[in-house]
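# Structural features, examined
Listed here are the chains, written in short residue letters.
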Amino acid sequence: MILTLLMYLVLGAVAGVVAGLFGIGGGLLIVPVLIFSFSAQGMSPDVLTHAAVATSLATIVVTSISSVRAHHKRGAVRWDLFKPISLGILLGAFLGVKIAGMMPGSILQMVFGVFALCVAVQMAFGLKPSAGDEPPAASTLGIGGTFIGSLSAIFGIGGGTLTVPFLTWKQVQMQQAVATSAACGLPIALMGAMTNVWEGWGHAQTDEWSLGYVYLPAFAGIVITSSLFAKFGARLAHSLPAPTLKRYFAVFLLCVGSYLIGKNLF
C-alpha cells in the first residue's frame, strides 16, 4: 500500500505540473494513467475505467477550490455567467455519470480515446473557435452547460477544454473565460464524484479501499501533490516554450487515444 500511495503521489505531482504548464485540467493525464495502474493492480476490467473517471473527478473537487479562489481574488470570474451555466452543468454531470454507467469498460475506454485524439489535434494545431455574433443568453449557457457537464463527467475532466472554447465563442474575454471555466470545474467534479459514489456503492467488484467508484488511495495521493505542483507548472510556463511543449503533450494524447481505441477494437 505504501508503494501504491507513493505512485499516486508522483502521478499527482505530474498531473499538477501538466495542469499548471498547459492551463488544462489534469484529468486528461490522470484518467489514462489510472486505467493503466488499476489494470496492473488487478482491478476488475468491469469497473476499473469507471473507477479511473470517478477518482479523477473526486480529485478535481479538491484541486479546483484553490484555483477558483485565486481567479476570484483577481476579479476575473464572471459570476453572472457562472450561475446559469452551472445549473446546466449539474444536470449534465449527473446524466453523464448515468450514461457512463451504462457503458461497458471497454466502450468507455474507446470513447475516452476518441476524445483524447480530438484534444491532441486541437493542441497540436492551436485550433480555437472564433467569437460569435451575440453575447451569451442564459438559456444558451444552460444548454451549453448541460452538454459540457455530461461530457466532462464521462471523461473525468474538469471541463476546461470544453468550457473555455464555448465561452470564447460567446464573446467572453479569454482571461474571464479561463477563470469562469475554473469555477465551472467545481460543480462538474462535485456532482460527478457524488454520483459516482452513489453508482458504485456496494458494487461487488470495486476494491475494498473504494468509496463507490472512487479509489481512495489514488484520490489521497493525487490530491496531496497536485495543487502544490500546479503552482510549479504555472511558473515553468513563463520560462519554457509552451507551444512546443503542447505539441509534445499532444503526441502523448495521440498515443494514449490510439492505444485505448486499438486495444479495445482489435
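Here's a quick rundown of the structure.

Turning to the overall build of the chain, a few remarks are in order. When you go through the chain residue by residue, the secondary structure sums to 10 helices and two strands. The secondary structure elements of the chain, listed N-terminal to C-terminal, are α-α-α-α-α-α-α-α-β-β-α-α. Over its C-alpha atoms, taken along the principal directions, the chain stretches across nearly 50 × 40 × 40 Å. The buried share of the chain, taken over its 266 residues, is 50%. Residue pairs in contact within the chain that sit at least 24 positions apart in sequence constitute 80% of those at least 6 positions apart. When the accessible surface of the chain is totalled, it reaches about 12500 Å², and 70% of it is carbon and sulfur.

A separate point is helix H2 (residues 27-40). With 14 residues, H2 ought to run about 20 Å at 1.5 Å a step, and its terminal C-alpha atoms sit 19 Å apart, in line with that. Taken together, the buried positions of H2 are occupied by Gly27, Leu28, Leu29, Ile30, Val31, Pro32, Leu34, Ile35, Ser37 and Phe38. Glycine 42, located one to two residues past H2, shows a positive phi value of around 90°.

Across soluble globular proteins, you tend to see nonpolar side chains buried next to one another. Among the nonpolar cores identified, the biggest contains 66 residues, and Leu34 and Phe38 are the most heavily contacted of them. Element by element, the count of residues in this core is highest for helix H3 (residues 48-73), at 10 residues. Beyond its immediate sequence surroundings of up to four residues, leucine 34 is in contact with Tyr8, Leu11, Ala52, Thr55, Ser56, Ala218 and Ile222.

This part covers helix H5 (residues 105-125). Counted at 1.5 Å a residue, the expected span for H5 with its 21 residues is 30 Å, and the 31 Å between its end C-alpha atoms agrees. Taken together, the buried positions of H5 are Gly105, Leu108, Gln109, Met110, Phe112, Gly113, Phe115, Ala116, Val119, Ala120 and Met123. Where H5 ends, the next residue or the one after it, glycine 126, has phi of about 60°, a positive value.

With that settled, consider the packing of H3 against helix H8 (residues 174-200). Angle between the axes and distance between the axes: these two values describe a pair of packed helices. The interhelical angle for the contact between H3 and H8, taken along N-to-C directions, is 145°, at an axis separation of 7 Å. Crossing geometry of H3 relative to H8 is assigned as left-handed. Taken together, the residues of H8 that come into contact with H3 (itself represented by His50, Ala54, Leu57, Ala58, Ile60, Val61, Ser64, Ile65, Ser67, Val68 and His71) are Val178, Ala179, Ala182, Ala183, Gly185, Leu186, Ile188, Ala189, Leu190, Gly192, Ala193 and Asn196. Residue composition of the contact of H3 with H8, grouped by class: 16 nonpolar, seven polar and no charged.

Bringing empty space enclosed by the protein into the picture now. Here the structure, examined in full by the defined rule, presents one cavity of 30 Å³ or more. In this structure, the largest cavity occupies an estimated 40 Å³ of space. Looking at the largest cavity, the residues that line it are His50, Val53, Ala54, Val97, Ala100, Leu108, Ala153, Ile154 and Asn196. At three residues, the largest contribution of residues to the lining of the largest cavity is made by H3. Here the lining of the largest cavity is composed, by residue class, of seven nonpolar, two polar and no charged.

This next bit is on the pattern of salt bridges. Scanning all chains against the criterion turns up two salt bridges. Residue arginine 78 is joined to aspartate 80 by a salt bridge in which the shortest nitrogen-to-oxygen separation is 3.0 Å. Classification of arginine 78 as partly exposed rests on a relative accessible area of 25%. Across the pair lysine 98 and glutamate 199 runs a salt bridge, and its minimum N-O distance is 2.6 Å. Here lysine 98, found in helix H4 (residues 79-101), pairs with glutamate 199, found in helix H8; they are 101 residues apart in sequence, far enough to count as distant. Look at glutamate 199 and you get partly exposed, because its relative accessible area is 26%.

The rules behind the values
- Residues numbered from 1 in each chain as written.
- Predicted model: local features only at pLDDT ≥ 70, side-chain atom pairs only at ≥ 80, totals over all residues.
- Heavy atoms only, no water.
- Helix = DSSP H or I, 4+ residues; strand = E, 2+ residues; numbered from the N terminus.
- Buried < 20%, exposed > 50% of the residue type's maximum accessible area, 1.4 Å probe, protein only.
- Contact = heavy atoms within 4.5 Å.
- Areas by Shrake-Rupley, 256 points an atom, 1.4 Å probe, with all protein chains shown as cover.
- Expected span 1.5 Å × (residues − 1).
- Core = buried A, V, L, I, M, F, W, Y, C linked by side-chain atoms within 4.5 Å.
- Axes fitted to C-alpha atoms, helices over the stretch in contact; angles between N-to-C directions.
- Left-handed = near helix turned anticlockwise from the far one by under 90°.
- Nonpolar A, V, L, I, M, F, W, Y, C, P; charged D, E, K, R; others polar.
- 1 Å grid on protein atoms, 1.4 Å probe; cavity = no way out; pocket = protein on both sides within 12 Å on 5 of 7 lines; lining within 4 Å.
- Points joined across faces, edges and corners; volume = space filled by probe spheres on them.
- Salt bridge = Lys/Arg side-chain N within 4 Å of Asp/Glu carboxyl O.

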